[in-house]
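The primary structure of each chain is shown beneath.
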Amino acid sequence: MRIQTMLACIALALLTACAGLGLPTPETPAQRIAATVTAVTAVRQSATTLLVAKKISVEDAENVQRQADTVVAGAQVARSMLTVDPKAADAKLAQTRAVLTALQQYLVAKGTP
């Protein structure tokens, strides 16, 4: 179980450090939205891994899943606003990514021995 937890933490760290690894950083709002939705998949998987490893409770895992749903919904709202009001879409995405970052940090903290 420890290996799975460590792998989950590494995956989260890699997702949050794309630029530092020389990977292309999403530049356009559409790219940032896509990256956000993709990162949610890693958050969901990490929560499941931490739950199986008994690093988080069932309630915590359920909360992470609900918050992940909120992130996806926020990204969808931002996507729908892109053509109408790009600045508002970018602001919505920034708020959405803040929630995602908080989830990632929480899971990394829970996975650290």
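Residues numbered from 1 in each chain as written. Predicted model: local features only at pLDDT ≥ 70, side-chain atom pairs only at ≥ 80, totals over all residues. Heavy atoms only, no water.

Caption draft 1: The arrangement of the overall build of the protein chain in detail. Scanning the protein chain for helices and strands turns up 4 helices and 0 strands. In sequence order, the protein chain lays out its α and β elements as α-α-α-α. When each of the 113 residues of the protein chain is scored for burial, the buried share is 28%. A separation threshold of at least 6 residues defines the contact pool for the protein chain, and within that pool the share at least 24 residues apart is 75%. Accessible area of the protein chain: about 6,700 Å², with a carbon and sulfur share of 62%. (Helix = DSSP H or I, 4+ residues; strand = E, 2+ residues; numbered from the N terminus. Buried < 20%, exposed > 50% of the residue type's maximum accessible area, 1.4 Å probe, protein only. Contact = heavy atoms within 4.5 Å. Areas by Shrake-Rupley, 256 points an atom, 1.4 Å probe, with all protein chains shown as cover.)

Caption draft 2: Helix α3 (residues 58-81), seen in detail. Spanning 24 residues, α3 covers 35 Å between terminal C-alpha atoms, matching the ideal 34 Å at 1.5 Å per step. Taken as a whole, α3 has its buried residues at Ala 61, Val 64, Ala 68, Val 71, Val 72, Gly 74, Ala 75 and Ala 78. Its buried side turned inward, α3 meets α2 (29-52) and α4 (86-111). (Expected span 1.5 Å × (residues − 1).)

Caption draft 3: Main features of the packing of α2 against α3. Two elements in contact, α2 and α3, have axes separated by 10 Å at closest approach and are oriented at 175°. With respect to α3, the element α2 is oriented roughly antiparallel. On the side of α2, the interface is formed by Ile 33, Thr 36, Val 37, Val 40, Val 43, Arg 44, Ala 47, Thr 48 and Leu 51, while α3 contributes Val 58, Ala 61, Val 64, Gln 65, Ala 68, Asp 69, Val 71, Val 72, Ala 75, Ala 78 and Arg 79. A breakdown of the residues in the contact of α2 with α3 according to their chemical character gives 14 nonpolar, 3 polar and 3 charged. (Axes fitted to C-alpha atoms, helices over the stretch in contact; angles between N-to-C directions. Parallel < 35°, antiparallel > 145°, perpendicular 65-115°, else oblique. Nonpolar A, V, L, I, M, F, W, Y, C, P; charged D, E, K, R; others polar.)

Caption draft 4: Spatial organisation of unusual backbone geometry. Here Lys 54, not a glycine, exhibits a phi torsion of approximately 60°, which is positive. Inspection of the secondary structure puts Lys 54 in the loop between α2 and α3. Taking relative accessible area as the criterion, Lys 54 reaches 74% and is therefore assigned exposed.

Caption draft 5: How the structure looks around the nonpolar core. Residues Val 40, Val 43, Val 64, Leu 100 and Leu 107 are the most contacted members of the largest nonpolar core, which totals 14 residues. Broken down by secondary-structure element, the contributors of at least two residues to this core are α2, α3 and α4. (Core = buried A, V, L, I, M, F, W, Y, C linked by side-chain atoms within 4.5 Å.)

Function cannot be read off these values alone, since they describe shape.
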